[in-house]
Amino acid sequence: MRFSLAAARALLLAAQGLSSPPQRPATKGDVLESIRKMGVLQIDSIAVVARSPYLVLWSRLGSYEPRWLDDLLAEGALFEYWSHAACFIPIEDYGLYRRFMLDGGEKSRAWFTAHPEEVRRVLERVRQGGPVRSAEFARADGRAGGWWEWKPEKRALEHLFAAGEFMISHRDPNFHRVYDLRERVLERALPGWEDALAPSYEEVRRSLALKAVRALGVAVARWVPDYFRTPKKGVADLLDELAAEGALLRARIEDEPAYVHQENAGLAEAAASGELRPSLTTLLSPFDPVVWDRARALELFGFDYKIEVYTPAARRRYGYYSLPIVHHGALVGRLDAKAHRKQGLFEVRALHLEPGVSVTEDLVFGLCGALRGCAGWHGTPEVVVRRSDPPSLVEPLHVAIEANTGSPSYPH
């Protein structure tokens, strides 16, 4: 199969569950299925709009209950560990990451050796007292705290988590991690687990490569390692082997060799023939799998993306927390938004279309629906658009939003 860039984009979005609007209200099962499609759900705690994992799911499911994600973690259908970054991961993939815990962890083991008393104290506290948050340990070293000055107990918790001795039992109402012993979490989440069941490193490597290709729809070799942050060395040979075995289908994106997972064969044929036409307009989190690999987003969508949270305000081009806009198979722009929940206001501080994107009735209608949908999910029914580039987008977007809410949605 040969794919144009447009067809490859369509296939990626379909594989990610972003091709068309949902046809029915979401269920808790849909939340889990969406995470399985993506392979992992990246965690980030910035909440200017919504915390990233919840927003990633809204992009795919529309309005849903955020507590369902919390419930799935607490029930053991998901677990937390390091993958592309810190992620929620389906529990059936625990063995893949347990191999990393068993074979890696040199940094954590060195820390344990250097700080035996802190490790002993934290382990004893959790064994005797049950699940614990970092905040439950009082700071005793006289330091102020902060991101770069973790207290020793917090460091012990994180190293025990990285080494696989602790797991995250659940998240508290403020999204703080609650740590517990691995065996207690697994008793609920994966009863009967033994480390002898962990696959070999080679099996893990193959499995994650297959999962990455499946999640990407169609992938060239250089896109695969970033998805689960696996080694780049040898990936081209590995994909070639998987194709020779029939686990992957050989393809091309324009003139470059690429691969398709067997499970996506039907979607791939539809995309390659031009029959797969994405119809969804939505907003993406900066940590959505579609854009988390900035180089891939540039190659595939021509979308040069950078999150500017850590850029000084005076140097920001698009805003503090700009959300990419998907419209009918393309990344057509980005907007800087903030949900003011107490005021019931969803504020778009700035909206920027990509060069060459025209203000059409279809785009205005799609943006209106995405903004109203996101605002409604937040419980912020009033939508305010402050400015746009091009400026000609503001008025028709205001008119569309007002027409669909029955009340003014912007300052007159």
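Located above this text is the structure these notes cover.
(A) Focus on helix α12 (residues 235-245). Among all positions of α12, only Val-235, Leu-238, Leu-239, Leu-242 and Ala-243 are buried. End-on, the buried residues of α12 take up no more than an arc of 135 degrees, which puts them together on one face. Of the residues in α12, the exposed ones pointing more than 90 degrees away from the buried face are Asp-237 and Ala-244. Structurally, α12 contributes buried residues whose contacts are with α10 (201-216), α11 (224-228), β7 (248-253) and β8 (256-261). At the C-terminal side of α12, Gly-246 shows a positive phi close to 95 degrees.

(B) Representation of the packing of aromatic side chains in the model. Summed over all chains, the structure comprises 13 aromatic pairs. Aromatic pair Tyr-94 and Trp-193: ring centres 5.3 Å apart, planes at 90 degrees, arrangement edge-to-face. Taken as a pair, Tyr-94 in helix α5 (residues 94-103) and Trp-193 in the loop between α9 (182-189) and α10 lie far apart in primary sequence, 99 residues in all. Comparing Tyr-94 with Trp-193 shows no difference in burial state: the two are buried. Note on Tyr-97 and Phe-100: the rings are 6.0 Å apart at their centroids and 70 degrees apart in plane angle, and the pair reads as edge-to-face.

(C) Expanded view of the sheet that holds β7. With mixed pairing, three strands are arranged side by side in an open sheet as β1-β7-β8. Each edge of the open sheet is held by one strand with a lone partner, namely β1 (2-3) and β8. Sheet topology note: the β7/β8 ladder contains six bridges and is antiparallel. Looking at β8, one finds that Arg-252 is bridged to Pro-257. Strand contacts of α12: β7 and β8, with the helix running at about 120 degrees to β7, the strand carrying the most contacts.

(D) Molecular detail of empty space enclosed by the protein. Scanning the entire structure with this criterion turns up one cavity of 30 Å³ or more. Size it by volume and the largest cavity reaches roughly 30 Å³. In this structure, the largest cavity is lined by Phe-100, Tyr-201, Val-204, Arg-205, Thr-230 and Pro-231. Ranked by the residues each element gives to the lining of the largest cavity, the list is headed by α10, at three residues. Of the residues in the lining of the largest cavity, the class split is four nonpolar, one polar and one charged.

(E) Main features of the environment of Arg-184. As for its placement among the helices and strands, Arg-184 is situated in helix α9. Residue Arg-184 is classed as partly exposed on the basis of its relative accessible area of 29%. The spatial distance from the C-alpha of Arg-184 to the C-alpha of Tyr-54 is 26 Å, given a sequence separation of 130 residues. A polar contact is formed between the side chain of Arg-184 and the backbone oxygen of Val-126, at a distance of 2.7 Å.

(F) Representation of the side chain of Asp-93. Residue position: Asp-93 is located in the loop between β4 (86-90) and α5. Residues within four places of Asp-93 in sequence aside, it is in contact with Gly-39, Phe-79 and Lys-211.

(G) Spatial organisation of the side chain of His-327. Relative to the elements of secondary structure, His-327 occurs in strand β10 (residues 322-327). Within the structure, the side chain of His-327 is placed 3.1 Å from the side chain of Asp-362, a separation counted as a polar contact. In contact with His-327, not counting residues within four places along its chain, are Leu-280, Thr-281, Val-332, Asp-362 and Leu-363.

(H) Representation of unusual backbone geometry in the model. Following Asp-389, the chain continues into Pro-390 via a peptide bond in cis, with omega recorded as 10 degrees. With respect to the secondary-structure elements, Pro-390 resides in the loop between β14 (388-389) and α16 (394-405). Unlike most non-glycine residues, Arg-229 shows phi in positive territory, near 55 degrees. Looking at the element boundaries, Arg-229 is found in the loop between α11 and α12. Even without glycine at this site, His-328 takes up a positive phi of about 50 degrees. Take His-328: it is sitting in the loop between β10 and β11 (330-340). Taking the relative accessible area as the measure of exposure, His-328 reaches 35% and is therefore partly exposed.

Conventions and cut-offs
- Residues numbered from 1 in each chain as written.
- Predicted model: local features only at pLDDT ≥ 70, side-chain atom pairs only at ≥ 80, totals over all residues.
- Heavy atoms only, no water.
- Buried < 20%, exposed > 50% of the residue type's maximum accessible area, 1.4 Å probe, protein only.
- Helix = DSSP H or I, 4+ residues; strand = E, 2+ residues; numbered from the N terminus.
- Arc of directions from axis to C-beta.
- Contact = heavy atoms within 4.5 Å.
- Phe/Tyr/Trp six-rings, centres within 6.5 Å; stacked < 30°, edge-to-face > 60°.
- Pairing = 2+ DSSP bridges.
- Axes fitted to C-alpha atoms, helices over the stretch in contact; angles between N-to-C directions.
- 1 Å grid on protein atoms, 1.4 Å probe; cavity = no way out; pocket = protein on both sides within 12 Å on 5 of 7 lines; lining within 4 Å.
- Points joined across faces, edges and corners; volume = space filled by probe spheres on them.
- Nonpolar A, V, L, I, M, F, W, Y, C, P; charged D, E, K, R; others polar.
- Polar contact = N/O pair within 3.5 Å; in protein donor to acceptor, adjacent residues only side chain to side chain.

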